[in-house]
Structure formats: C-alpha cells, structure tokens
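Summary of structural features
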Amino acid sequence: MAEISKQQVKHVAHLARLAITDQEVEVMTKQLGDIIHYAELLNDLDTSQVEPTTHVLDLKNVMRKDEPRKWIDREDALKNAPDQHDGQFRVPSILE
Amino acid sequence: MSVFEYTLKELQAKLHNKELTVTELVQASFDQIEAVDDQIKAFLTLNKEAALKQAQQLDEQVDQANHPLFGIPIGIKDNMVTKGIRTTCGSQFLSNFNDPLYDATVVDKLNKENTVMVGKLNMDEFAMGSSNENSSYYTTRNPWNTDYVPGGSSGGSAAAVAAREVFFSLGSDTGGSIRQPAAFCGVVGLKPTYGLVSRFGLVAFASSLDQIGPITRTVEDNAHLLQAIAGHDPMDSTSANVEIPTYSDALKQDVKGLKIAVPKEYLSDQEGVNGEVREAVLAALKVYEELGATWEEVSLPHSKYAVAAYYLLASSEASANLARFDGVRYGVRTENADNMIDMFKKSRSEGFGDEVKRRIMLGTFALSSGYYDAYYKKAQKVRTLIKNDFDKVFEDFDVIIGPTTPTPAFKVGEKVDDPLTMYANDILTIPVNLAGVPGMSIPCGFSKDAGLPIGLQIIGKHFDESTLYRVAYAFEQATDYHKQRPHLGGVKS
C-alpha cells in the first residue's frame, strides 16, 4: 500500500465535502499517513479464506407493511432549518 | 446520608412512605449540579423548569406508582434526541439544534416510566473520542480528580453519576464509550448486545457498532434501567426481536461453578496494561475464586488487530452517516457560500472539529475507489476473525473477565496531540463492539498515587446480559468499591 499524498488528501476532502486549508492539508497528510500506516498491520493476516462481517446479527432485509401513517408535518420539518422559503428549504444556487 | 447514596429500590420505598418527594429528589439533583458542575462540566443543557414542573405532577401520582424508575432524576447523553430540548452531539454544528421533533425510543421509554430528565450530558463531538476533550463546548472533568479526564465519549454521562448530579444516565458505546468512562469515573456501565436496545433517535456514528446503555452507581440499578430500555423497536431495523428476561432475577443467583476466561492479551505489557490495573484484576479474580467460580487463561489471538480494524470500519460508517450534516435541514450554515457545493463544504468545515474531520477523511479514503478492498473489506474480514475468537472462548466459558482499560484515567491534555496514542486506550473495549457481544465495567480498585478508579470488564455471550449482572452483582456484594465516593462539595442532606 502506498503512502497518502497531499493531492490525495485534497481529493478525499472534496469527496467528503470538506473545505480544508493548505495548513490542514499538511497536518492531515501526516496524520492520515500515520493511521493508514498503522492499519497496514492488518496485512499480516491472511484473510483470503475469510468472509467479511458487515453486521453481527443474523438479520436479513427487515420489511414492514407499506402503510401510510402520521409523521412530522411540513411546518415541523422546517423549523430547525437555517433558511427556508415558501414552505421549502432554501439553498444557494445549484447551477452557475 | 445524601439521597444519592440510596438504590432505586430504597428510593421507591421512601417515595411511597412519604419520607421523600419527587420534587425533593429533582431539587437535590439541581442543587448538586449547581454546587459541583462548575468543576465537573458534565451538562451541556439543563431542563430545570420542565423537570420541576413534572416532579410536582408526579408527586400527586406517587400512590399509584409501581415502577423502580418512577420520579428518578436522570441525564441523557447529548447524542440522543429529546423532543423540544436542544441536542448538540457535543458539536458546534448542532449548536442551534434547539427543537428536535421527536424523542429517541430510549427517551420515550424512560418518559413512560416517569423518570425526570434534568439535562443533556457532555460528550466528545459525535461520540468520537476517549477523553471528552473533543467536545466543541468544554471538557468534562473526572470527579475523582479534576486534573484528569472522565473518559469518553460518554464522559459527561459517567461523571454526572459519579459526582451524584443524577441517579443514573444513558450513554452510547461504539468502541468503549460507556465502559471506558464508567471505569475512569468508578461507576457501573453496560454496553448491551448489539441490537438489544433501539438506536432510533441516537445520532448515528458507526451504525454496525453503536449501542445505547445504562450508567449507574450500582449493578442492581443498572439491571432496572436496562429493563426499561431494552426490547424490539419497529423504528430500528437493526433492533433484535428477542425475548427480554427479567434482569433483576439474575441478582438472586450466586457464581458457584461459573467458568471465567481471562484473555492473556488483556493482562499483557504489550497492550500497555499497567501493573496496578493488572493487580486489581487479579485481586478481583481471587474474589471470584472465593465465591466458588473458577478461571483459566485463554487467548483472543486477534486482539492486537482490533484497533486498526475498528478505526477503518467505524470511520467508514461515520463518513457516510455524517454526510447528513449539510447545512440544509438543521444545524449551522456558513454565511459566505458561492454555490451549493461550496455551502456544504464551508458549513461542514466550520461546524466540525478536528477529530471528526480526521475520521470523515479516513473513512472516505477507506471507501474510495481503488482502496475499498485493501482497507474497508480487509477490516471487515479481520472483524470476522475477532468475532470468531470470542465465539470459540464462549464454547467453554460463561464470561470473559479482564480490565476495562489498560490504565486509569490520564491527565487532561496528556494525549490530545497524538490520535494513535489516544486510540490505543480503547484496545480492550473495541473487540467487544466488533463481536457485538455485551460488555460491562464495574469498579474494582483505585490507583495508589492519584486515587483514580480502576474498572473490571465482564464480557458475555450474545444476549446474555443476565449472566453479566449475576457476575457483577456477586463481586459488588463481596467488595465495597462502589460505596466510595469522590470528595466533592455539594448536597449533604
């Protein structure tokens, strides 16, 4: 496994929707590099014959009846929003 | 004697024969908070007016009350939503989340038993941390010595119980976040089996690991609290549909013939377990021998891989779960955004602290194209090996016992600059979450120099909380660590 580069850190920050400063890129490159280096410990183990565990309970798709029921209304849904207009969440422009 | 030294059962008797009122209990809670919370900083939000009003109403219903939790003041970790009461998750991002729309299932269940919620408890931001130093607000202090951390992430929940600010609290545990602070603060903390307690309304960190559990002063109280919150919930699709036993029945049985496994890795210098902690655990095992149990050394050979696997898995799940904090529906929004993507990025960067950003970055990386198999899937396979280690031991033993943490509490500021050193602190609690089994911490000693509590960890089979309570109760009855209290000022009555 390769070291993580500054370029990769910037790319990952974009994917994670985080704005990071140049200084944070420096720190993050070192810290993530250290953590990933540490995680390479796992390569000591041969897991070619091991199934992954995503979840410890023996649960498959849990379905319920598709019935309408009362939940929060529009007014309530909007009351913690930073910005709203005409009963909807307002956001900055999506298109340039 | 202060009212906080009574068990839930004793309190109910005193409420019934009118020696005490609910109002007095709730007032005692707020008096203690006023007296000591400047030092401890366990609470983020208080619910005083509503709590005292509810107490008055409950005082009129005392004669009909028939539940051990009736009228008892409690605190809730601030990552469980409370209808109409600010819920911050210890994060600046949710500093303005003043009006949550519903109660978490656990909060709803406790409300139905007429507990009185006095406030929301401090925590590491989004439950990411082992010291409370990652709270965006302030660092909760250890009631035994305020130079030391209370542990994390449920540091406020454990400190508030230890400091007698509330009778009990709820915490959540993803990699040790109930057990480690319970150990550091000298109280009883249980992480139930994954799926036993509903996660509906718990702000998700790592969904395949998170579990809510009770923090109390005694084992018996802990069993009563778990009874109230356990059970299937249709609102949580990972909630297990299993029959819930009466946990307090387990307290009537002894531990004669009980088979205890002691993993050699959990007493090892290599894992950083210090001498005092090892001695305290060995002394506890001697107590169990005297009570008629037997113990043998075993191996959980994949223990040393648990921390690495955990940080990859938990961070990956967190990076997906925390995508919901986008500044659109709740939380803070940046004031200077050019377009929507810019708004997402700036809002998140302004609202999240360093550790949360670091874990989102790590998780996003581990899930990203080209790295998924090497990191995320590899960690899931190692999780299988760790789970198999536990399954194998439980074929021959009833419980596993070891320390909860390698050392007692460390000083505020001591580990904050080095993420990997901080992570290593969770080495004995993380495997339990990866395996999904229940684990509990109870007090088993104090360090000589600083007088800080040491925690004994008891780990059980899936859905076998009853055995944990039986084993913990036997030790508690034979010792008096749980009767020690930190030397703080406050309520004396």
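Quick summary incoming for the structure in this document. As the structure is a computational prediction, the values presented were derived from the model and not from experiment.

The rules behind the values
Residues numbered from 1 in each chain as written. Chains lettered and ligands numbered in written order. Predicted model: local features only at pLDDT ≥ 70, side-chain atom pairs only at ≥ 80, totals over all residues. Heavy atoms only, no water. Helix = DSSP H or I, 4+ residues; strand = E, 2+ residues; numbered from the N terminus. Buried < 20%, exposed > 50% of the residue type's maximum accessible area, 1.4 Å probe, protein only. Contact = heavy atoms within 4.5 Å. Core = buried A, V, L, I, M, F, W, Y, C linked by side-chain atoms within 4.5 Å. Buried area = accessible area lost by both parts, 1.4 Å probe. Salt bridge = Lys/Arg side-chain N within 4 Å of Asp/Glu carboxyl O. 1 Å grid on protein atoms, 1.4 Å probe; cavity = no way out; pocket = protein on both sides within 12 Å on 5 of 7 lines; lining within 4 Å. Points joined across faces, edges and corners; volume = space filled by probe spheres on them. Nonpolar A, V, L, I, M, F, W, Y, C, P; charged D, E, K, R; others polar.

1. Description of the environment of F93 of chain B
All names here are of chain B. Relative to the assigned elements, F93 resides in the loop between β2 (73–77) and α4 (105–112). Take F93: its relative accessible area is 0%, and that puts it in the buried class. Excluding residues that lie within four positions of it along the chain, F93 makes contacts with F325, D326, G327, Y330, G331, V332, S347, R348, G351 and F352.

2. Some words on the nonpolar core
All names here are of chain B. Core analysis: the biggest nonpolar cluster contains 179 residues, and F126, Y288 and F390 have the highest contact counts within it. It is helix α9 (residues 306–321) that contributes the most residues to this core, ten residues altogether. For F390, the contacting residues outside a window of four places in its chain are Y266, L300, I400, P431, V432, A435, V437 and I459.

3. Structural notes on the interface of chain A and chain B
With 56 residues of chain A at the interface, the matching set in chain B holds 70 residues. Of the roughly 5500 Å² buried where chain A meets chain B, counting both sides, 71% is carbon and sulfur surface. For chain A, the biggest contributors to the area lost against chain B are L42, V56 and N80 of chain A; these three give 12% of the whole. Viewed at the interface, chain B and chain A are joined by three salt bridges.

4. Observations regarding the layout of surface pockets
One number sums up the size of the largest pocket: a volume of about 750 Å³. Forming the walls of the largest pocket are 27 residues, and the residues nearest its centre are V81, F97, Y102, R324 and Y330 of chain B. Class assignment of the residues belonging to the lining of the largest pocket gives a composition of 17 nonpolar, five polar and five charged. Lining the second largest pocket are 24 residues, and of these N134, D354, E355, R358 and V416 of chain B sit closest to its centre. Put simply, the parts of the chain that give the lining of the second largest pocket at least two residues each are α2 (22–39) of chain A together with α11 (354–367) and α13 (419–424) of chain B. Examining the composition of the lining of the second largest pocket, we find that six residues originate from one element, α11 of chain B, more than from any other. Per-class residue counts for the lining of the second largest pocket are eight nonpolar, six polar and ten charged.

Keep in mind these values describe shape, not function.
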